[in-house]
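Here is how the chains run, residue by residue.
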Amino acid sequence: MTMTVQLQKLKMLIGGEWKDGSGGQSFSILDPSNNQIIAEVPRATKDDASHAVESAKTAFQSTEWRDMDSAKRGRILTKLTGLVRESSDELARLETLNEGKTLRESKGDVAWAARAFEYFAGLADKIEGSTIPVPPKRLDYTLREPLGVTLHIVPWNYPIALAARSLAPALAAGDTVVMKPSETTPLTALKLGELASKAGVPKGVVNVITGSGAEVGTHLVSHRDIDGIIFTGSNETGKHVMEAAAKNVTHVLMELGGKNPHIVFSDADVPRAIKAVKDGIFTNAGQMCWAGSRAFIHESIYDGFARELVDKTSRMKLGPGIDESTEMGPAVSRSRQETILAYIKDGVEEGAKLLCGGEKPSDSNLGKGNFVEPTIFGEVTGEMKIGCDEIFGPVLSITKFKTVDEVVSLANESDYGLYGGVWTSNLKTAHEVASRLEVGGVAINEYLVTFPQTPFGGYKDSGIGHENGIRAMEYYTRTKNVSINLG
Ligand code: NDP
């Protein structure tokens, strides 16, 4: 399917105004299915970034937003929810053209983003402190106050969903926001900025800066006037961000990578488990923090499971995400495609058994895009690069296991601890394995499921703190204790 794309020349949002970069430069945004330019966005300078922080600080200090009746803040978020829903076709199309994922996935992400605004709209007037029993003739209570100026660094793999995941609670709490989407995929974040203004969010409360992580990101994370950083991205960058934050004692919320185990016991609903293992890695071409990249299959069902999984995977239809018949889109960029192919080569050289895929697709129509065949390896060990690194691409390893102890130990071998899946019809096994996995989230008899109301966060190297749910508000607010002597 071909389609004509109108080149968009966009501006970024600073202090309620749409602006070009002060250095007069812009950069091109590409469609990963063919590497054609679909938009030009301003290349923010450090001055632009500082200006965005100043705007957010002024908006926070003006008190219009943070001292607004919280029910009214909630109503503005409700309006934003409606605007996101009304724009969902446009947002989904933008997301697919920019990130490469299928339109069906983008529609799901936009629906998820709308739900996040809806959920936190309802929470805005329910952020409560407590009264604490203390010795007589005293009253002690806590206030939950907004955290302040928050910096949101968003990766390219779920641009709108992850922008909404942090924007919604920040706005509900009364914080102000500087958002830096990935330079690869800024389109839907810019659109969200526009919709937030339309919904009645005051000027300067939401600022969206387009620029590179290396330049603008580094500057922003070291900025003295940032009160909290919400970082979603790789562990390597996350560590730099934490170092910069440490210098200013800035709060951090870290949502990092994963190398997630997906475990199938012999008593599982096998057809559903096969589909889930396949979708759990090949959705978004495997570019997911929570991708089930290590599948462990009980030895008694392994052969048939592997045969069918490989067969279904080999028949997946690759193509531009915008084409409704596509089952898997491209990698987000040429460099990502090269990294994934290099991992596959390493896997073969280290002795893993390639069961399917492993190349760029032979279809010449796909040659201009960043496609990689969905790939499955057997005989992968935890010492191999492909067994321990987060590949962040459509590459699955499948391994046999015999016992619960063995599979728990294999699953926990990783330094990451983000997410895991368990397939069994035995409740006892499900509970036992869920409690023994060293991960922040476990899905039983389904995979890739998260709601705005359920906490999401990593154990071990996968992060610090939680997004989503009431617990997220612990990060987006500060607690002040007030003690009164009544004697
Ligand atoms: P990166 O760490 O490369 O980038 C993440 C964000 O950080 C981007 O906006 C990037 O900007 C910015 N950035 C890059 N360098 C710096 C810097 N020095 N200072 C400040 N900001 C910087 O990760 P990817 O974009 O490649 O995202 C993939 C990673 O994100 C994977 O590891 C994945 O597991 C993780 N992730 C975690 C999730 C979770 O909830 N736990 C959810 C989704 C992804 P730019 O792109 O413009 O350089």
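Residues numbered from 1 in each chain as written. Predicted model: local features only at pLDDT ≥ 70, side-chain atom pairs only at ≥ 80, totals over all residues. Heavy atoms only, no water.

What follows concerns the packing of aromatic side chains. All told, the structure shown has 8 aromatic pairs when counted by the stated rule. Ring centres 5.0 Å apart and planes at 65 degrees place the aromatic pair Tyr-419 and Tyr-447 in the edge-to-face group. A residue pair is termed long-range when its members are at least 10 positions apart, and Tyr-419 in strand E18 (residues 419–423) and Tyr-447 in the loop between strand E19 (441–444) and strand E20 (459–460) qualify at 28 residues. The rings of Trp-290, Tyr-419, Tyr-447 and Phe-456 are connected pair by pair, giving a single aromatic cluster. Directly above the ring of Phe-60 sits Arg-66, whose terminal nitrogen or CZ lies 4.5 Å from the centroid. The residue whose ring lies beneath Arg-73 is Trp-65, and the NZ or CZ to ring-centre distance is 5.9 Å. (Phe/Tyr/Trp six-rings, centres within 6.5 Å; stacked < 30°, edge-to-face > 60°. Helix = DSSP H or I, 4+ residues; strand = E, 2+ residues; numbered from the N terminus. Lys NZ or Arg CZ within 6 Å of the ring centre and 35° of its normal.)

Glancing now at helix H7 (residues 213–221). What sets the pattern is the α-helix's 3.6 residues per turn: residues three or four places apart point alike. If you check which residues of H7 are buried, you get Val-216, Gly-217, Leu-220 and Val-221. Buried residues in H7, looked at end-on, bunch into an arc of 125 degrees, giving them a common side. Of the surrounding secondary structure, the elements contacted by the buried residues of H7 are helix H1 (46–61), strand E7 (149–153), strand E8 (176–180), strand E10 (228–232) and helix H8 (235–248). (Buried < 20%, exposed > 50% of the residue type's maximum accessible area, 1.4 Å probe, protein only. Arc of directions from axis to C-beta. Contact = heavy atoms within 4.5 Å.)

Counting through the fold element by element, Thr-232 comes out in strand E10. Of the residues examined, Thr-232 reaches a relative accessible area of 11% and is grouped as buried. Through-space distance from the C-alpha of Thr-232 to that of Val-154 is 5.6 Å; in sequence the pair is 78 residues apart. With residues up to four places along the chain from it excluded, the contact list for Thr-232 reads Ile-153, Val-154, Pro-155, Leu-162, Arg-165 and Glu-255. Here Arg-165 takes part through its side chain, which lies 3.5 Å from a polar atom of the side chain of Thr-232. (Polar contact = N/O pair within 3.5 Å; in protein donor to acceptor, adjacent residues only side chain to side chain.)

For the coordinates displayed, the defined rule picks out 21 salt bridges. The partner of Lys-126 in a salt bridge is Asp-125, with the nearest N and O atoms 2.7 Å apart. By relative accessible area, which is 47% here, Lys-126 ends up partly exposed. With a closest N to O distance of 3.4 Å, Asp-346 and Lys-385 form a salt bridge. In this pair, Asp-346 is assigned in helix H11 (residues 334–349) and Lys-385 in helix H12 (residues 385–388), connecting sequence segments 39 residues apart. The class of Asp-346 is partly exposed, set by a relative accessible area of 21%. Exposure remark for Lys-385: the relative accessible area of 37% places this residue in the partly exposed category. Salt bridges linked by common partners bring Arg-85, Arg-115 and Glu-118 together as one network. (Salt bridge = Lys/Arg side-chain N within 4 Å of Asp/Glu carboxyl O.)

The next subject is the packing of helix H9 (residues 270–282) against helix H10 (residues 302–314). Running from N to C, H9 and H10 point in directions that differ by 50 degrees, and their axes come no closer than 10 Å. In terms of axis orientation, H9 runs oblique to H10. For the pair H9 and H10, the sense of crossing is right-handed. Here H9 contributes Val-270, Ala-273, Ile-274, Val-277, Lys-278 and Phe-282 to the contact with H10, which in turn contributes Phe-305, Glu-308, Leu-309, Lys-312 and Thr-313. Classifying every residue of the contact of H9 with H10 by side-chain character gives 7 nonpolar, 1 polar and 3 charged. (Axes fitted to C-alpha atoms, helices over the stretch in contact; angles between N-to-C directions. Parallel < 35°, antiparallel > 145°, perpendicular 65-115°, else oblique. Left-handed = near helix turned anticlockwise from the far one by under 90°. Nonpolar A, V, L, I, M, F, W, Y, C, P; charged D, E, K, R; others polar.)

In short, geometric facts, not functional conclusions.
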